[in-house]
Amino acid sequence: MTASGFNTLHKESFLRNNYSELLYVQNVFSIGSEYELIKKKYSFTAGVSLDGASYPKTGDEPSKDVDLDYGINTTFVYSFDSAWMFQFNAGRKTRFPTLRESFSGALGRFVPNPDLKPESASTIEASLDYIYSQGSVDVNLFYTILNEGIVRISLPKKQFKRINKDVIRTMGVEFISSLKISNGLKSTLNFTYLNSFAKSAAGTYTDTLEYKPVLVAGLNIDYNVIDKLVAVIEFNLVGMEFGLQEGNEYFRRLPGYGLFNSRLSYSFNIFNDAELETYIRVNNIFDVLYYAQWSLPEAGRQFFGGVSFRF
């Protein structure tokens with residue numbers, strides 16, 4: 001049996017209401033129980049929870065009723081042998097709207113929606129993992145139905161508003177592979193294909209959603225130059241993504257982008273198993289101009305350096 005919760009308190013005061021203070025308070029809690037069965041070839045886990053949120057203070061808006069919902073999670077793992085493993089997950093979980101989503105006007109950019117409902121996701125996943133002497137391959141299929149999904153819409157006067165979509169369907173595949181090319185040289189490849197649409201008035205899943213890229217991929221190459229000196233090159237690719245711009249009710253496709261990053265580190269043994277690592281890192285090596293969301297360009301070339309201590 002487990003129980004958890006947190007409290008959020010937020011105060012606001014603006015010129016438009018003569019700087020009178022508005023207080024917002026939200027309490028989120030969860031109580032759950034889980035059962036686990038472990039055998040030689042397989043394991044099974046099942047859990048249930050009661051989740052809730054209360055809103056005792058909502059500024060100058062009427063108080064909201066307490067939201068309650070249930071959660072379910074199940075996991076089945078089967079090992080065929082030392083190389084092959086199958087895993088199946090199914091569950092349901094609810095996310096309650098935050099104070100910011102329901103009540104914040106974001107300095108006039110958003111129209112608050114105190115009637116925003118919780119969103120609940122029902123998900124199934126199946127994965128197959130293979131481990132061999134030179135690396136591993138993982139393939140994961142997933143399918144999610146999100147009821148009352150929280151999205152935003154564009155309004156006149158360059159404003160937005162968060163609303164609930166009746167149903168959002170998301171399905172896709174993830175592929176991850178690691179390969180030891182030679183002593184000291186290793187590569188990791190990941191690829192995700194995502195198909196995510198909301199149900200239209202006609203009952204088909206064709207309504208575009210914001211910031212749900214169809215393609216996300218990455219390639220990492222790790223090279224141990226000499227003992228304890230490690231160089232890493234990363235390439236990340238994002239494509240086929242849409243977003244809303246202020247004052248425009250229609251979705252616009254963001255330019256796809258590919259980024260190169262690098263990292264060089266050297267480790268020193270201090271004593272026993274204690275290790276000191278120094279590193280330098282460069283993100284967006286080629287200073288690409290790209291957008292993860294409209295109107296907010298991401299950082300150009302960035303340089304980092306640091307020291308970490310492990311024991």
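Residues numbered from 1 in each chain as written. Predicted model: local features only at pLDDT ≥ 70, side-chain atom pairs only at ≥ 80, totals over all residues. Heavy atoms only, no water.

Participant: Even after reading the chapter, I still don't get the packing of aromatic side chains, so can you show me in this structure?
Facilitator: How two aromatic rings sit relative to each other is given by the distance of their centres and the angle of their planes. Overall, the coordinates contain eleven aromatic pairs when judged by the stated rule. Ring geometry for Tyr-291 against Trp-294: centres 5.7 Å apart, planes inclined by 40°, an arrangement best described as tilted. Here Trp-294 falls in the buried class, since its relative accessible area comes to 11%. These aromatic residues form a ring-pair network of at least three members: Trp-84, Tyr-130 and Tyr-132. (Phe/Tyr/Trp six-rings, centres within 6.5 Å; stacked < 30°, edge-to-face > 60°. Buried < 20%, exposed > 50% of the residue type's maximum accessible area, 1.4 Å probe, protein only.)

Participant: Which parts of the structure should I look at to understand the pairing of strand β9 (residues 159-182)?
Facilitator: The side chains of a regular strand alternate, first on one face of the sheet and then on the other. In this sheet, β9 lies alongside strand β6 (residues 110-111) in parallel orientation, the contact comprising two bridges. Bridge assignment links Phe-110 to a residue of β9, and that residue is Phe-160. Pairing analysis gives 20 bridges linking strand β8 (residues 135-155) to β9, with the strands arranged antiparallel. Bridge assignment links Tyr-143 to a residue of β9, and that residue is Met-171. (Pairing = 2+ DSSP bridges. Helix = DSSP H or I, 4+ residues; strand = E, 2+ residues; numbered from the N terminus.)

Participant: What exactly am I supposed to notice about the nonpolar core here?
Facilitator: Note that soluble globular proteins tend to have their nonpolar side chains buried in a common cluster. Counting residues in hydrophobic clusters, the biggest one holds eight residues: Leu-22, Tyr-24, Val-28, Ala-53, Tyr-55, Phe-96, Leu-99 and Phe-103. Breaking this core down by element, the ones donating at least two residues are β2 (22-38), β3 (42-58) and α1 (99-103). Examining the composition of this core, we find that three residues originate from one element, β2, more than from any other. Ignoring sequence-local partners within four residues, the contact set of Tyr-24 consists of Thr-8, Leu-9, His-10, Glu-12, Lys-57, Thr-58, Gly-59, Asp-60, Leu-99 and Phe-103. Ranked by size, the runner-up nonpolar core spans five residues in total, among them Val-151, Ile-168, Ala-198 and Leu-209. (Core = buried A, V, L, I, M, F, W, Y, C linked by side-chain atoms within 4.5 Å. Contact = heavy atoms within 4.5 Å.)

Participant: Looking at this structure, how should I read unusual backbone geometry?
Facilitator: Across residues other than glycine, the phi torsion is negative in most instances, and most of the peptide bonds are trans. Unlike most non-glycine residues, Met-240 shows phi in positive territory, near 60°. With respect to the helices and strands, Met-240 occurs in the loop between β13 (229-239) and β14 (241-244). Of note, the phi angle at Ser-295 is positive, near 75°, even though the residue is not glycine. Within the secondary structure layout, Ser-295 lies in the loop between β18 (291-293) and β19 (296-297).

Functional significance is not addressed by these values, which are geometric in nature.
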